[in-house]
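# Geometric and topological summary
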Amino acid sequence: MSQWYYADAQRERHGPIEADALREKFRAGEIDLGTLVWREGMQQWQPLSAIADELQLITQASTGIDLRQDYAAIESGEAVVARSAAEANSPYAAPASRPQDVNPAAVQGGLVVQAGFWKRVAAYFIDYVILTTFTYIVLIPLSILGAVVGGVSGGSDSAAGSIGMFLTLGIGYLIIFVGNLMYPAWMHSSKYQATLGKMAVGIKVVRSNGERLTMGRAVGRFFAYILSSITLCIGFVMAAFTERKQALHDIICDTLVVDKHAFTDHPEWQQQGLGTVTIVILSLAGLGLLCLIGLFVLLGIAAAGLN
């Protein structure tokens, strides 16, 4: 007799249990056709609907009518609710819904792979390079412009020249701040649910129930991110030890960082390990850090020799 495992609505694995017990749970409504199940011999977790015939979950009614297609239509959302002729012709009847009008919702009931600490570090490194490049692209031209404005206004020694330089640089820093704010906020609340760094390593940011972040919550997460920074980065390190691998800003904003295939129709595509991209990025970051430490050591030795 095969031993079965299944994932509940909280994405916790249960089992092993006998096939009869699994059928009883289905009939009692504790699990449904979207619940992921697995037994020895299966290559990956499958929704219960895929092995319904094997478990004999959906049988013909005593009337002889085969209800399996109806169950499948209900599960896929293709079932059509019958309306009377009067309702159909009424000018007050609600229009029939079309699948393309409905926003895709987070798929519940499957296993969820939380993004580990080192995957988040790799994603942060990529985003850091992107935002640092953006900062210099903005700051260098505006610094030159500020020097020109200051010179035209009488030089840095004059009040007008100083004001011109400070205004120009102030605008530059404002642009940089807005860019650093809107880049993660817009990307996290977009259909991608991830910055370029997170997309590269295959992770995304969602609500604790799997839903996409709103722009308001994504902006709030940015400011909570600053709070994680000013706590001597302890807020970031929390992601390595909390149960759902949440950093401080995740806990504050009710967010999770998960595999890009979590809360989708294909949770079996999730990746447990670091992945090639993450390993490469971490290796490059470590090499860069070692080079920087070596440079400081050489500078220290040179300074000691001059003394």
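What you see is a predicted model, and the numbers here were worked out from it, not measured in a lab. Numbering of residues starts from 1 in each chain and follows the order in which that chain's sequence is written. Predicted model: local features are reported for residues with pLDDT of at least 70 only, side-chain atom pairs are reported and counted for 80 or more only, and whole-chain, interface and lining totals are derived from all residues. Excluded from the side-chain calculation are hydrogens and water; included are all heavy atoms of the structure.

### Points about the nonpolar core
- The nonpolar core is taken to be a set of buried Ala, Val, Leu, Ile, Met, Phe, Trp, Tyr and Cys residues, with the residues joined through side-chain atoms within 4.5 Å. Burial classes follow relative accessibility: with a 1.4 Å probe on protein chains only, a residue under 20% of its type's maximum area counts as buried, one over 50% as exposed, and anything between as partly exposed. Membership of the largest hydrophobic core comes to 15 residues, with the highest contact counts inside it found for Trp4, Leu22, Val37, Leu48 and Leu55.
- Those elements giving two or more residues to this core turn out to be β1 (4-7), α1 (19-27) and α2 (52-55).
- The dominant element in this core, judged by the number of residues it contributes, is α1, at 3 residues.
- The contact criterion used is simple: two residues touch if any of their non-hydrogen atoms lie within 4.5 Å. Sequence-distant contacts of Leu55, defined by excluding residues within four places in its chain, comprise Trp4, Ala19, Leu22, Arg23 and Leu48.
- In terms of nonpolar packing, the next biggest core, distinct from the first, is built from 12 residues, Ala115, Val201, Ile203 and Ile281 among them. A run of H or I in DSSP becomes a helix once it reaches four residues, and a run of E becomes a strand once it reaches two; helices and strands are each numbered from the N terminus.

### Looking at α1
- Residues of α1 that are buried include every one of Ala19, Leu22, Arg23 and Phe26, and no others. The buried residues of α1 occupy one face: seen down the axis, they fall within an arc of 100°.
- Where α1 is buried, its residues meet β1, β2 (13-17), β3 (36-39) and α2.
- Positive phi appears at Gly29, one or two residues downstream of α1, with a value of about 85°. What the arc describes is the spread of directions from the helix axis to the C-beta atoms.

### Thoughts on a nonpolar patch on the surface
- A surface patch of nonpolar side chains, amounting to about 1,000 Å² of accessible area, comprises Leu174, Phe177, Val178, Met182, Trp186, Met215, Phe223, Ile226, Leu227, Ile230 and Ile252.
- The set of elements that each furnish at least two residues to the nonpolar patch consists of α6 (159-188) and α8 (215-230).
- Position of Ile230 relative to the elements: it lies in helix α8.
- Here Ile230 falls in the exposed class, since its relative accessible area comes to 62%. Like-charged residues are merged into a patch within 9 Å and nonpolar side chains (Val, Leu, Ile, Met, Phe, Trp, Tyr) within 5 Å, provided each residue has over 30% relative accessible area and no salt bridge. Calculation of accessible area relied on Shrake-Rupley with a 1.4 Å probe; when residues are assessed, cover is drawn exclusively from the protein chains displayed. Should a side-chain nitrogen of Lys or Arg be within 4 Å of a carboxyl oxygen of Asp or Glu, the pair is scored as a salt bridge.

### Description of the pairing of β1
- Pairing between strands is defined by DSSP: at least two bridges between the two strands are required. Pairing geometry for β1 and β2, over 3 bridges, is antiparallel. Its bridge partner lying in β2, Ala7 is registered against Arg13.
- Bridging between β1 and β3 involves 3 bridges; their strand directions are antiparallel. Directly across from Tyr6, in β3, lies its bridge partner Val37.

### Examining the confidence of the model for the protein
- Confidence in the prediction of the protein, expressed as mean pLDDT, is 82, and 79% of residues score 70 or more.
- Confidence of the predictor at the level of single residues is captured by pLDDT, which takes values from 0 to 100. Mean pLDDT across the elements of the protein bottoms out in helix α4 (residues 85-89) (48) and peaks in helix α7 (residues 196-201) (97).
- In this model residues 60-64 is a low-confidence stretch, pLDDT under 50, and it forms 3 contacts with partners more than four residues away in sequence or in other chains.

### A closer look at the sheet that holds strand β4 (residues 46-47)
- Within the open sheet, the 4 strands sit side by side as β2-β1-β3-β4. Their pairing is antiparallel. Looking at the sheet topology across the chains shown, the edges are occupied by β2 and β4.

### Focus: the side chain of Ser228
- Inspection of the secondary structure puts Ser228 in helix α8.
- Residue contacts for Ser228: discarding those within four places in its chain leaves Cys233, Ile234, Gly235, Phe236, Leu248 and His249.

### As for the packing of aromatic side chains
- When the centres of two rings from Phe, Tyr and Trp lie within 6.5 Å, Trp using its six-membered ring, the rings pair. Their planes under 30 degrees apart give stacked, over 60 give edge-to-face, and anything left gives tilted. Inspection of every chain in the model, using the stated rule, returns 6 aromatic pairs.
- Between the aromatic rings of Phe177 and Phe222, the centroid separation amounts to 6.1 Å while the plane-to-plane angle is 75°, which identifies the pairing as edge-to-face. Residue Phe177 is found in helix α6, and its partner Phe222 is found in helix α8; the two are separated by 45 residues along the sequence.
- Taking the centre distance of 5.3 Å and the plane angle of 80° together, the rings of Phe222 and Phe223 count as edge-to-face.
- Counting every residue linked through ring pairs, the aromatic cluster contains Phe177, Phe222 and Phe223.

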